[in-house]
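So you can see what is in the structure, the chains are spelled out below.
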Amino acid sequence: NYYGMIDQLVASRGRIFFGCWFSTFTGYINRIRGYHSVKDRAPGHEDGVLPTTFYYATKDKKLEMHKYAPLRGGYFNREFPTSWRDIDKGIQELAETATERR
């Protein structure tokens, strides 16, 4: 049964996405949306944010994907930008990028 995976791919390409906070299903959709944001150079891709992604959750979590966050807490319920930022770069390229930013 591939319906779940197909749903994730379709949802990842939606203009706006609303997901559930404690859902690994939502987490993977957000990761795929992150991959697409980098590839498509969508607004926010340089900062690792997904401005068209929201959570059905308390107010403090609703806009969680609108700001960059380093790894923290439980990893199963949220994707972090380290999952999709600079994944195609080698160590040398990352070092050069870090030097340029200073």
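Along each chain, residue indices are assigned from 1 in the same order as the chain's sequence is written. pLDDT decides what is reported in this predicted model: residues at 70 or higher carry local features, side-chain atom pairs at 80 or more are listed and counted, and totals for whole chains, interfaces and linings draw on all residues regardless. To get the side-chain values, all heavy atoms of the structure are used, and hydrogens and water are removed first.

Topic: the overall build of the protein
- Scanning the protein for helices and strands turns up 4 helices and 2 strands.
- A helix here means a DSSP run of H or I that spans at least four residues, while a strand means a run of E at least two residues long, and both kinds are numbered starting from the N terminus. In the protein, the succession of helices and strands from N to C terminus is α-β-α-β-α-α.
- Overall size of the protein, expressed as C-alpha extent along the three principal axes, is 40 × 30 × 25 Å.
- Residue contacts are counted whenever heavy atoms from the two residues lie within 4.5 Å of one another. Considering only contacts in the protein between residues 6 or more positions apart, those separated by 24 or more positions represent 40%.
- Every accessible area reported is derived by Shrake-Rupley at a probe size of 1.4 Å, with residue values counting cover from the shown protein chains alone. Of the roughly 7100 Å² of accessible surface on the protein, a fraction of 58% belongs to carbon and sulfur atoms.
- Think of it this way: Lys and Arg go in the positive column, Asp and Glu in the negative one, and His and the chain ends go nowhere. A single reference atom marks each charge: NZ on Lys, CZ on Arg, CG on Asp, CD on Glu. Taking the average location of the 16 positive side-chain charges in the protein and that of its 12 negative ones, the two points are 7 Å from each other.

Comments concerning the packing of aromatic side chains
- Stacked, tilted and edge-to-face pairs are distinguished by plane angle, under 30 degrees for stacked and over 60 for edge-to-face with tilted covering the rest, among Phe, Tyr and Trp rings (Trp via its six-membered ring) whose centres lie within 6.5 Å. A complete count under the given rule lists 4 aromatic pairs for this structure.
- One aromatic cluster is present, formed by F18, F54 and Y56 through successive ring pairs.

A closer look at the pattern of salt bridges
- Here a salt bridge means any side-chain nitrogen of Lys or Arg lying within 4 Å of a carboxyl oxygen belonging to Asp or Glu. In the structure shown here, the tally under the stated rule is 4 salt bridges.
- Between K61 and D60 there is a salt bridge; the shortest N-O distance is 3.6 Å.
- For K67, the salt bridge identified is with E64, shortest N-O distance 3.8 Å.
- Exposure remark for E64: the relative accessible area of 5% places this residue in the buried category. When accessible area is computed with a 1.4 Å probe and restricted to protein chains, residues below 20% of their type maximum are described as buried, those above 50% as exposed, and intermediate ones as partly exposed.

Side note on the pairing of strand β2 (residues 53–56)
- In this sheet, β2 lies alongside strand β1 (residues 17–20) in parallel orientation, the contact comprising 4 bridges. Each residue of the ladder has a partner; that of C20, found in β2, is Y56.
- Handedness rule for crossovers: strands pointing away from the viewer, path from the first strand over the helix to the second running clockwise, crossover right-handed. Viewed along the sheet, the connection from β1 through helix α2 (residues 24–40) into β2 turns out right-handed. Strand pairing follows a simple DSSP-based rule, namely that at least 2 bridges must link the two strands.

So, the side chain of Q8
- Counting through the fold element by element, Q8 comes out in helix α1 (residues 3–12).
- A residue is classified by how much of its surface remains accessible, and Q8, at 11% relative accessible area, is buried.
- What Q8 contacts, discounting residues up to four positions off in sequence, is F25, Y28 and I29.

Quick notes on unusual backbone geometry
- Although it is not a glycine, R41 sits at a positive phi angle of roughly 55°.
- In this structure, R41 sits in the loop between α2 and β2.
- Owing to a relative accessible area of 64%, R41 belongs among the exposed residues under this scheme.

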